[in-house]
Every structure is written in C-alpha cells, then in structure tokens.
Amino acid sequence: MAAKRKNDASVISLDTFGSAKNYWLCWVKSPMTHFSFANQAQRRLKRPFAYIGDISLDDVHPQLKFPMYYTCFNQDFDINLVILANRVTAPMDLSLDQQSPLLGGLLFEDDYYLFNNQGLMKIPFSYPQADFLLMLSADKEADMEDYIEMLPPLADNRILCQNTPQHIAQSQKKSRQVLDFLQYLYYESEAAIKNYRRQKLFQKLHQKMSVAEANYGKLKFPMENNRVITSSLLRREDF
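Throughout what follows, the structure given in this document is the object of discussion. (Residues numbered from 1 in each chain as written. Predicted model: local features only at pLDDT ≥ 70, side-chain atom pairs only at ≥ 80, totals over all residues. Heavy atoms only, no water.)

### Some details on the sheet that holds strand E9 (residues 159–163)
Where we set the bar: Here a strand pair is declared whenever DSSP counts at least two bridges between the two strands. To qualify as a helix, a DSSP run of H or I must reach at least 4 residues; to qualify as a strand, a run of E must reach at least 2; elements of each kind are numbered from the N terminus. Fitted lines through C-alpha atoms give the axes, limited to the stretch in contact for helices. The angle between two N-to-C directions lies from 0 to 180 degrees. We call two residues in contact whenever any of their non-hydrogen atoms come within 4.5 Å of each other.
Across the sheet, six strands lie side by side as E2-E3-E4-E8-E1-E9; this open sheet has antiparallel pairing. Looking at strand neighbours, the two that pair on one side only are strand E2 (50–56) and E9, the edges of this open sheet. Averaged over all neighbouring strand pairs, the angle between strand axes comes to 20 degrees, with direction disregarded. Here strand E1 (residues 21–28) pairs with strand E8 (residues 132–139) via eight bridges, running antiparallel. When the bridges of E8 are listed, Leu25 appears paired with Met135. Packed on one face of the sheet, helix H7 (residues 175–204) meets E1, E2, strand E3 (65–74), strand E4 (79–85) and E8 and runs near 140 degrees to E2.

Written out as structure tokens, the structure is:
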C-alpha cells in the first residue's frame, strides 16, 4: 500500500491564502512598548486603535502572549491595520530551559520572538530583532496603495522588510513554514477583529441583539421568537 500523504489540508489552505483578500505586511524596529507604539500610530493616523487580544503560543508556553491592536480604515471594503508585537519577555522557566547548567543563573531576561534569526523564537527569519508586525488587509475590490504608503511614517522609516506574505515567505529559507504561520496570524487577527466588533455592538445595544415577538403589535404573520437586528446603521462609526 502506498504511503499516505501528510498535510494535504495544509497544502490546499496555503494555495488559497490570499485568494479572497489582499494582504500586505512589514516588520519594524522600535524602542517603544506595544501600548506606546499603538498610541503613537493613533496620533499619526488620527484614527482610534483598539486592543483586540493576544496571539498565544500555548504549544510553546501558556504565558507567551503577543498583544494585537487594530484600526479600521474602511468598513465597506474591510480595510484593517493590525499592530502585532513580535517580541515579548520570555517566562523565566522557558528561559531556564535554554540555559546551560554550567553557566549558572540568568543575569538578564530573555526575549521571545515570533520571527527572528537567533535566540528564542517561533519561526526562523532572516531579518533580526523586529519589534512589531504591521499587518494590512482588505477586500479584493479595494486599492491598498494609499494605505501601504501610511506604514513607513508609523515606523519612523525603521522598516526591515515589507511585501505580501507570499513574497516575504519566498525570500526565506523555510518559506512554507513562514507562509503557514503568516496565514495563521492573519486568520487569528481577523477572528479577533470580528469578535471585538461584535462585543462593541453588544455594548451599544445593552447586550441585546434581538427583539422578542411580544414587542410587535398586530402582526399579520407569525414570526420567530427572536428577530435578529441586522440594520447597517448600527455599525456606523458616529453612532
């Protein structure tokens, strides 16, 4: 019997990545903390940034969490920018696992990177010690050029590399691993954005997204118990 092929689903998934949306990203260096960097981006773009959660690496360590912030440039074309921390302080027990017992204890805290070329890292990457990823996404119908031009000023021109995920991955030795992880980051950030928007809408409606039938008088036809509110006016930025 022929050997069973592995990771067929992953092959299909990678082949279709980017077919429904456009993606662009860059790696930048900055001495700022993630909160300060997001605050600076908010001032320069004159748009609100919101904390939307973390990218967790539970397979490495349960305390490894990389914060994400986002802003929406255009909801109609789903044009979003996500700031993702590429570096966090490694938990002490994870650092100790990497130390030689002959060298004694740790003098300094270690950093853990999503992408880096040395030290503690998730994905081997040829551009060293980036602090943040700026991840831009948009529907296929949208023109991203104007938004791509906004990225360099956010990083004070300390951009290490920038391009589409596919082009970035092709420049790396382990291109498949890089592209697979970039796909994961985009999909996780998109899910976090949807969850944030939903929670924000819930708050506007006092945690109610439906209207019971009892509130409708003289109904000509019967209707379901809960009628979900879908009006686009609820998602207006000035509401």
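### Details of the packing of aromatic side chains
As a reminder of what qualifies: Think of it this way: a Phe, Tyr or Trp ring, Trp meaning its six-membered ring, pairs with another when their centres are within 6.5 Å, and the plane angle makes it stacked under 30 degrees, edge-to-face over 60, tilted otherwise.
Inspection of the entire model under this criterion finds 15 aromatic pairs. Among the aromatic residues, those joined into a cluster by ring pairs are Trp27, Phe115, Phe125, Tyr127, Phe181 and Tyr184.

### Focus on the nonpolar core
The test is simple: Residues enter a nonpolar core if they are buried and are Ala, Val, Leu, Ile, Met, Phe, Trp, Tyr or Cys, with the set joined through side-chain atoms within 4.5 Å. Only protein chains enter the calculation, and the probe is 1.4 Å; a residue is then buried if its accessible area is under 20% of its type maximum, exposed if over 50%, and partly exposed in between.
With 38 residues, the main nonpolar core has Trp27, Phe66, Leu84, Phe115, Leu133 and Leu185 as its most contacted residues. Looking at which element gives the most residues to this core, the answer is H7, with eight residues. Those residues in contact with Trp27 that lie beyond four places of it in its chain are Asn86, Phe115, Phe125, Ala130, Phe132, Leu133, Arg158, Ile159, Leu160, Cys161, Ile168 and Leu182. Membership of the second largest hydrophobic core comes to 25 residues, among which are Trp24, Val28, Leu81 and Met144.

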